[in-house]
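The primary structure of each chain is shown beneath.
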Amino acid sequence: MQTFRKQEHLCNISDIDRLFKTGNAVFKYPVKMLWLPTDCEKTPCIKVLLSVPKRNFRHAVDRNKIKRLLRECYRKNKYIAMEGLNGKSCHLAFIYAGKEIVDINSLEPIIIQLLQRLVSAHEKTTG
């Protein structure tokens, strides 16, 4: 099912802090993805944070548009991570690092590649 509910959002400040301090990074321009395996046994095994820096986009309208695009791309393709991680839990952060707004057709393949790289990197670290 292609949904992105509140339970799947990463909101806990201590979890976000841990993700940014000790998480692994994967970059594919213009999106940087941080990920960190966790020991959570709750139903949503993957929690996601979306971020667009105010430094690059001064207007909230532009930041919100990019976050909407990121959210939609993740929602449509999250099955890649769900199936690849086999029920293991993970925290993700998608950070938009570009300076211009891209359309969804160019952003979606980037998110797909990042999720595939997440699955392959997770397999390497967990054996």
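Below, the structure is looked at part by part. (Residues numbered from 1 in each chain as written. Predicted model: local features only at pLDDT ≥ 70, side-chain atom pairs only at ≥ 80, totals over all residues. Heavy atoms only, no water.)

1. A few points about helix α2 (residues 60–85)
The sharpest bend along α2 measures roughly 55° and falls at asparagine 77. Listed as buried for α2 are Arg63, Ile66, Leu69, Leu70, Cys73, Tyr74, Asn77, Lys78, Ile80, Ala81, Gly84 and Leu85. With its phi angle positive at about 55°, asparagine 86 sits one or two positions after the end of α2. (Bend = angle between axes of the 7 residues up to and from the residue. Helix = DSSP H or I, 4+ residues; strand = E, 2+ residues; numbered from the N terminus. Buried < 20%, exposed > 50% of the residue type's maximum accessible area, 1.4 Å probe, protein only.)

2. Notes on the nonpolar core
With 29 residues, the main nonpolar core has Val31, Leu92, Phe94 and Leu115 as its most contacted residues. The set of elements that each furnish at least two residues to this core consists of β2 (31–37), β3 (46–51), α2, β4 (90–96) and α3 (104–126). Here the element with the most residues in this core is α2; it accounts for 8 residues. Setting aside residues up to four positions removed in sequence, leucine 115 forms contacts with Tyr74, Asn77, Lys78, Ile80, Ala81, Leu92 and Phe94. (Core = buried A, V, L, I, M, F, W, Y, C linked by side-chain atoms within 4.5 Å. Contact = heavy atoms within 4.5 Å.)

3. Points about the side chain of serine 89
By the secondary structure assignment, serine 89 is in the loop between α2 and β4. Overall, serine 89 belongs to the buried group, its relative accessible area being 6%. Here threonine 38 takes part through its backbone oxygen, which lies 2.7 Å from a polar atom of the side chain of serine 89. Sequence-distant contacts of serine 89, that is, excluding residues within four places in its chain, are made with Pro37, Thr38, Asp39, Cys40 and Cys45. (Polar contact = N/O pair within 3.5 Å; in protein donor to acceptor, adjacent residues only side chain to side chain.)

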